[in-house]
Amino acid sequence: QVQLVESGGDLVQPGGSLRLSCAASGSIFSIYTMGWYRRAPGKQRELVAVWTSGSTDYADSVKGRFTISRDNAKNTVYLQMNSLEPGDTAVYYCTARIQERQVGPSYIYWGQGTQVTVSS
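Asks: Explain the sheet that holds strand β1 (residues 3–7) here, please?
Replies: Adjacent strands of a sheet pair through backbone hydrogen bonds, lying either parallel or antiparallel. Read from one edge of the open sheet, four strands run β1-β3-β8-β7, paired in antiparallel fashion. At either margin of the open sheet sits one strand with a lone partner, and together these are β1 and β7 (66–71). Neighbouring strand axes in the sheet, compared pairwise and without regard to direction, differ in orientation by 15° on average. Relative to strand β8 (residues 76–81), β7 runs antiparallel, the two sharing six bridges. Bridge pairing in β8 links Ile68 to Leu79.

Asks: Help me understand the environment of Ser21, please; the structure alone is not making it clear to me.
Replies: Note that Ser21 resides in strand β3 (residues 18–25). A residue is classified by how much of its surface remains accessible, and Ser21, at 17% relative accessible area, is buried. Considered as a pair, Ser21 and Arg65 are 44 residues apart in the sequence and their alpha carbons are 17 Å apart.

Asks: Is there a simple way to think about the packing of aromatic side chains in this case?
Replies: In this description, a pair of aromatic rings is defined by centroid distance and the angle of the planes. Per the counting criterion, the structure on display carries one aromatic pair. We note Arg45 situated over the ring of Tyr37; from NZ or CZ to the ring centre the distance is 5.2 Å.

Asks: Explanation requested: the state of the cysteines in the structure shown.
Replies: Cysteine pairs can be linked by a disulfide, which is a covalent bond between their two sulfur atoms. One pass over the full model with this rule turns up one disulfide. For Cys22, the disulfide goes to Cys94, at an S-S distance of 2.0 Å. Disulfide Cys22-Cys94: the torsion about the S-S bond is -80°, which places it as left-handed. Residue Cys22 is found in strand β3, and its partner Cys94 is found in strand β9 (residues 90–99); the two are separated by 72 residues along the sequence. Across the pair, Cys94 and Cys22 agree in class, each one buried.

Criteria and thresholds
Residues numbered from 1 in each chain as written. Predicted model: local features only at pLDDT ≥ 70, side-chain atom pairs only at ≥ 80, totals over all residues. Heavy atoms only, no water. Pairing = 2+ DSSP bridges. Helix = DSSP H or I, 4+ residues; strand = E, 2+ residues; numbered from the N terminus. Axes fitted to C-alpha atoms, helices over the stretch in contact; angles between N-to-C directions. Buried < 20%, exposed > 50% of the residue type's maximum accessible area, 1.4 Å probe, protein only. Phe/Tyr/Trp six-rings, centres within 6.5 Å; stacked < 30°, edge-to-face > 60°. Lys NZ or Arg CZ within 6 Å of the ring centre and 35° of its normal. Disulfide = S-S within 2.5 Å.

Printed below as a string of structure tokens:
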């Protein structure tokens, strides 16, 4: 059973920084993608950043402010968020496509979410 556990969400003032972490644990043969989505109150879930086989992609709204990185040895993905704005307030969810066994399909997993609030 694979689990994704996020941490790092907090209340921060505008212009501040936070680093989110997401650790994958359990039966893992290979991780193909890891990324972050967010859902703000009253809005649809949106992709924030994704890491795929060494390449990264970002939502236009966070380019230049957020950085996604991965520690392969720890099966962990990070989201460094700088110059935070009130519009970044949301629940942030980690997601990953993981293959559990050498032979078999990969599946998409989700974390439980971590709250980021940007407010003065």
